[in-house]
Amino acid sequence: MRKSIFIAIAALILMGCKPDTKDSFNPYEYITDTSHLIIRITDSERLQTAISNNPLLASLIPKELAAQFDLLHNQNLTPQSGIVVMDNNDNDSIVLLTDSTTLKTQRNIENGKRFKRLFDSSSPSATASILLSPEIANRFTTALFDTPAAIFEEFTLLDIFVSGNGFRWEMVGLKSESKRFLSQGPKYASLLSSYVSDKADSFQNFLIDEISGQQSSLLPVNYDDESYKALNDFMKGMEQWGLMNIDGTQLGLFKTINSEQSLAQINNTEGPVGQFRNVTVFELDDFCKNAIFSVLVPENSWELFCVIEDVFVLGNSTKDLETVIAALQNGKTLSSKIENNEIFQSLGSTSEVFSYKKNSAIKVFLNKLKLTAISSDQSYGSHELAAQLTSDNAFYFLDGVLTQSSTVNKPLGLTERFSLRFDDNLAIEPQLIYNHRTKSYSLLVQDSKFKLKLISSEGAVQWQKPLDGLILGHVEQLDMFKNGRQQLVFATSKTIHVIDINGNDVPPFPLKLKDPITQPLTVFDYDQKRDYRLSVVQGADLFLLGMNAKRVDGFKYKSNKELIRSQPTHYRIAGKDYIVFRTGEDGLKILNRLGEDRIRIKSKTPFSDHPISVYNNLFSGLSQQGELIQIDLNGAVVKVPLDTDSNHGFAAEGKSLVTINDNVLTINGTRIELPFGNYTSPEIWRNFNSMIIGLADLQSSQIFIFDSEGRVLPGFPVFGKPNFDLKITGKGQFQLSTLGDGNSIIFYDYR
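Residues numbered from 1 in each chain as written. Predicted model: local features only at pLDDT ≥ 70, side-chain atom pairs only at ≥ 80, totals over all residues. Heavy atoms only, no water.

Draft legend 1. Local environment of the overall build of the protein chain. Scanning the protein chain for helices and strands turns up twelve helices and 47 strands. When each of the 751 residues of the protein chain is scored for burial, the buried share is 54%. Contacts in the protein chain between residues at least 24 apart in sequence constitute 56% of all its contacts with a sequence separation of at least 6. As displayed, the protein chain offers around 33,900 Å² of accessible surface, 48% of which is attributable to carbon and sulfur atoms. (Helix = DSSP H or I, 4+ residues; strand = E, 2+ residues; numbered from the N terminus. Buried < 20%, exposed > 50% of the residue type's maximum accessible area, 1.4 Å probe, protein only. Contact = heavy atoms within 4.5 Å. Areas by Shrake-Rupley, 256 points an atom, 1.4 Å probe, with all protein chains shown as cover.)

Draft legend 2. Here's a closer look at the sheet that holds strand E27 (residues 533-538). In spatial order, the strands read E26-E27-E28; together these three strands make up an open sheet with antiparallel pairing. Only two strands of the sheet have a single partner each, and these edge strands are strand E26 (522-524) and strand E28 (541-545). On average, adjacent strands in this sheet sit at an angle of 30° to one another, irrespective of strand direction. The pairing of E26 with E27 spans three bridges and is classified as antiparallel. Bridge assignment links threonine 522 to a residue of E27, and that residue is serine 535. (Pairing = 2+ DSSP bridges. Axes fitted to C-alpha atoms, helices over the stretch in contact; angles between N-to-C directions.)

Draft legend 3. Structural detail: the packing of aromatic side chains. By the definition in use, this model includes 27 aromatic pairs. Between tyrosine 557 and phenylalanine 581, the ring centres sit 5.6 Å apart and the planes meet at 80°, which makes this aromatic pair edge-to-face. Taken as a pair, tyrosine 557 in the loop between E28 and strand E29 (569-573) and phenylalanine 581 in strand E30 (residues 576-583) lie far apart in primary sequence, 24 residues in all. There is no split in this pair, since tyrosine 557 and phenylalanine 581 are both buried. Seen from their ring centres, tyrosine 571 and phenylalanine 619 are 6.3 Å apart, and the 65° between their planes marks the pair as edge-to-face. Residue tyrosine 571 is located in strand E29, and its partner phenylalanine 619 is located in strand E34 (residues 618-622); the two are separated by 48 residues in the primary sequence. Ring-pair connections join several aromatic residues into one group, and the members of that group are Phe206, Phe234, Trp241, Phe254, Phe293 and Trp302. Above the ring of phenylalanine 161, the side-chain terminus of arginine 168 is found at 4.3 Å from the ring centroid. Over the ring of phenylalanine 543 we find arginine 551; its NZ or CZ atom is 3.7 Å from the centre of that ring. (Phe/Tyr/Trp six-rings, centres within 6.5 Å; stacked < 30°, edge-to-face > 60°. Lys NZ or Arg CZ within 6 Å of the ring centre and 35° of its normal.)

Draft legend 4. Broad picture of the sheet that holds strand E43 (residues 702-707). Across the sheet, which stays open at both edges, the four strands sit in the order E41-E42-E43-E44 with antiparallel pairing between neighbours. A single partner strand is all that each edge strand has here, and the edge strands are strand E41 (683-687) and strand E44 (718-719).

Draft legend 5. The environment of arginine 117, seen in detail. Mapped onto the secondary structure, arginine 117 falls in helix H5 (residues 109-120). Remark: the alpha-carbon pair of arginine 117 and tyrosine 28, spanning 89 residues in sequence, is separated by 9.9 Å.

Draft legend 6. Region of the structure containing the nonpolar core. Within the largest apolar cluster, 56 residues are counted, with the highest numbers of intra-cluster contacts made by Leu144, Trp169, Met171, Phe254, Ile266, Phe293 and Leu398. Per-element tally for this core: the top contributor is helix H6 (residues 134-145), with six residues. Other than its neighbours up to four places away in sequence, tryptophan 169 contacts Phe140, Leu144, Leu158, Asp159, Ile160, Leu385, Ala387, Leu398, Asp399, Gly400, Val401 and Leu402. Membership of the second largest hydrophobic core comes to 25 residues, among which are Leu253, Leu304, Cys306 and Val324. (Core = buried A, V, L, I, M, F, W, Y, C linked by side-chain atoms within 4.5 Å.)

Draft legend 7. Expanded view of the pattern of salt bridges. Within the structure shown, the criterion is met by 27 salt bridges. Here arginine 711 ties to aspartate 707 by a salt bridge, and the two come within 2.8 Å at their closest N and O atoms. If you follow the salt bridges from partner to partner, you end up with Asp527, Arg572, Asp577 and Arg593 in one network. (Salt bridge = Lys/Arg side-chain N within 4 Å of Asp/Glu carboxyl O.)

Draft legend 8. A look at the environment of arginine 530. Structurally, arginine 530 can be placed in the loop between E26 and E27. Among the residues examined, arginine 530 registers a relative accessible area of 34% and is labelled partly exposed. Taking the C-alpha atoms as reference, arginine 530 lies 6.7 Å from aspartate 479; in sequence the two are 51 residues apart. Residues within four places of arginine 530 in sequence aside, it is in contact with Asp479, Lys482, Asn483, Gly484 and Asp525. A distance of 2.7 Å separates the side chain of arginine 530 from the side chain of aspartate 479, its partner in a polar contact. (Polar contact = N/O pair within 3.5 Å; in protein donor to acceptor, adjacent residues only side chain to side chain.)

Draft legend 9. The arrangement of unusual backbone geometry in detail. For the bond from proline 507 to proline 508, the omega torsion is 10°, close enough to zero to count as cis. A cis amide bond links phenylalanine 716 to the next residue, proline 717, at an omega of 5°. If you trace the backbone, proline 717 turns up in the loop between E43 and E44. Phi is positive for lysine 482, which is not a glycine, with a value near 55°. With respect to the helices and strands, the residue lysine 482 is situated in the loop between strand E22 (476-478) and strand E23 (487-491). Looking at lysine 482, the relative accessible area reads 42%, which means it is partly exposed. A positive phi is found at alanine 574, a non-glycine position, where the angle reads about 50°.

Draft legend 10. View of the pairing of E41. Note that E41 and strand E42 (residues 690-697) share five bridges and pair antiparallel. Paired with arginine 686 across the strands is methionine 691, a residue of E42. Two successive antiparallel strands, E41 and E42, enclose a turn made up of two residues, where phenylalanine 688 displays a positive phi of approximately 60°.

Draft legend 11. Seen up close, the pairing of E27. Within E27, five of the six residues are buried, which leaves it mostly tucked inside the rest of the structure. Summarising the sheet, E27 and E28 pair through five bridges and their orientation is antiparallel. Bridged to valine 537 within E28 is leucine 542. Between E27 and E28, which pair antiparallel in sequence order, lie two residues; one of them, glycine 539, sits at a positive phi of approximately 70°.

Draft legend 12. Summary view of the packing of H6 against helix H12 (residues 360-369). One way to put it is that H6 packs onto H12 with a least axis distance of 9 Å and a crossing angle of 160°. Classified by the angle between their axes, H6 and H12 sit roughly antiparallel to one another. For the pair H6 and H12, the crossing hand works out as right-handed. Note on element contacts: H12 touches H6 through Phe365, Lys368 and Leu369, opposite Arg139, Phe140, Ala143 and Leu144. The residue makeup of the contact of H6 with H12, split by class, is five nonpolar, no polar and two charged. (Parallel < 35°, antiparallel > 145°, perpendicular 65-115°, else oblique. Left-handed = near helix turned anticlockwise from the far one by under 90°. Nonpolar A, V, L, I, M, F, W, Y, C, P; charged D, E, K, R; others polar.)

Draft legend 13. Structural context of the side chain of aspartate 741. Topologically, aspartate 741 is positioned in the loop between strand E46 (733-739) and strand E47 (744-750). We note that aspartate 741 is buried and unpaired, the nearest opposite charge coming from lysine 721 at a distance of 4.6 Å. Residue contacts for aspartate 741: discarding those within four places in its chain leaves Gln275, Phe276, Arg277, Asn278, Arg421 and Phe719. (Lys, Arg positive; Asp, Glu negative; His and termini not counted.)

Draft legend 14. A look at the confidence of the model for the protein chain. When pLDDT is averaged across the protein chain, the result is 80; 78% of the residues are at 70 or more. Across residues 1-22, confidence stays below pLDDT 50; counting only partners more than four residues off in sequence or on other chains, it has 31 contacts. Long-range and interchain partners of residues 406-411, a stretch whose pLDDT sits below 50, account for 13 contacts in this model, where long-range means more than four residues apart. (pLDDT = per-residue confidence, 0-100.)

Structure representation (structure tokens):
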């Protein structure tokens, strides 16, 4: 409907009309073609209220113009009387046109009809309607899209809609008959925003003309010139391209039609130069840099690129590319940010040129407009801008939004807090440790040189401590002095360690043993009174240590000479304590506090390597064939067939049972089909009155977290390796640590 109106307007402008013989005052007739801005205000009170309640809008209005708005405030305006003109004449730059105005310009009836028709097509709900001269309109698009092209030759209508802490606009202008800057083919959505980090300060997205095979970028590129041949050949294989700026660094994005063909055009090197999170990084050769990308964006000197799905990402360093890869894999992209912002949803779903700006990029844009002096200390750090330009046969349509970031609706989801790379390879996965000093979780890692390191939740290395070997299993925590200050306890194959949160040894530890320790250390706290016991396994032998680093005399385990094959675990059922571990090929031991058999198993139990759990008050595990093996408190063994085969995983807790068989995850009987992959066994965590389930795909290096109904939590899957660590931090909140590529770690926060 709106486009039809403007087609009619254009026809009327070209045809002209008979002179108006009425002598009534018509302010439109006194507007000259030299005017910069022509502002019509039909409700000055609404405008003044909008300005006083919107600091962002108030900061953009020149003081001289605001003074004219004040003059209008107490007048009874009609649609033809509240007109403010900013003229080219420096001595008389702003004129208020009302019935009582003393005018210096001569009456022009044709101008009056032309400007009135344009204003009459404006939206009645607009806070203000503005006609922009071609110079101002082109300055606006040039600053907005960072392009030098002038696309407007006539006055352009701009409607402003103020709401909350921001505003949006709708701008419509006639297309030039002599210049065609935008695509003549079908229009597409801005697909590249799905590959832009949500940390980007600015982003421009341009479509490629499907019909001509040339870019609709508004850039002055002469494709008939032979020097542009390599660029032209490359761009013919593209659908869209864009420029992203992060912290002063500019990256290029190119969405290809055929990634293999495009890769052959720009990859003449011997092979890849590296890999990050399963994405290969290549080096650009000199020809591609000079004949293609330097021609397109002369101020850049991109050295590297990678291909994500069908998008080429170009940057100056591996760090630049890693930022984009991590954002995409974590779902932290510009497109998700825009989709979750209600005011951004007023933008259309298709565009030919798209622009996004925040922080200092907004200030640069406003300074380029030169409509008002922007103070050097004026900050736009909490604001965001998004705009898009589309066209049809006769008109350009430019819609946009400028709003405070605080208006973004931020749903629950995952944030990558930091990624940290070390000089030496890591030997164990990072583990989350509660730090009583900061009342938050820190990360504990050990490298291949056996150095133990504590990393803060901000990614800073707090300390490192040399050890005599690799830590067995997980580090556990205890409150040795019962004062709320927690220590870390673990074992290497030679030594038992207890250290404080600063990395200092806590006497009487460390304790060196003559024979090697063969299973991870377990902390038993039978009555939850902080009277700790440490289980120590040496081959087929098991004994307990007290906090005095001496053996507990009351615990006497009589070894049957069968190797202990699993870490001892403590359970309490109906007020009784059970210590459980596997032995030999098909043995299971269930002991009491004294190390005696509490339950004697009445038949062989060929458990697989999956942990033994308590499910419905029965000791439960999986056989090698995928059967559920359960042992009751009398020692009877029951085997229950499950829909699993040799490629299976298992987890149980309380009354919950979770299995994975190939790509089918089953949660308490509910089946969920996952993408085909090679999955680890699931794990279960209790989150207050609910639970979450996690597992990793070894094939794609992705971590999946599900709720109890089998729904993937927002932000997942994310990049990560198996054996990740997860800690509940609040209701519906948790933190997650995992290995990244090679010698790196990643710290995620879900809230």
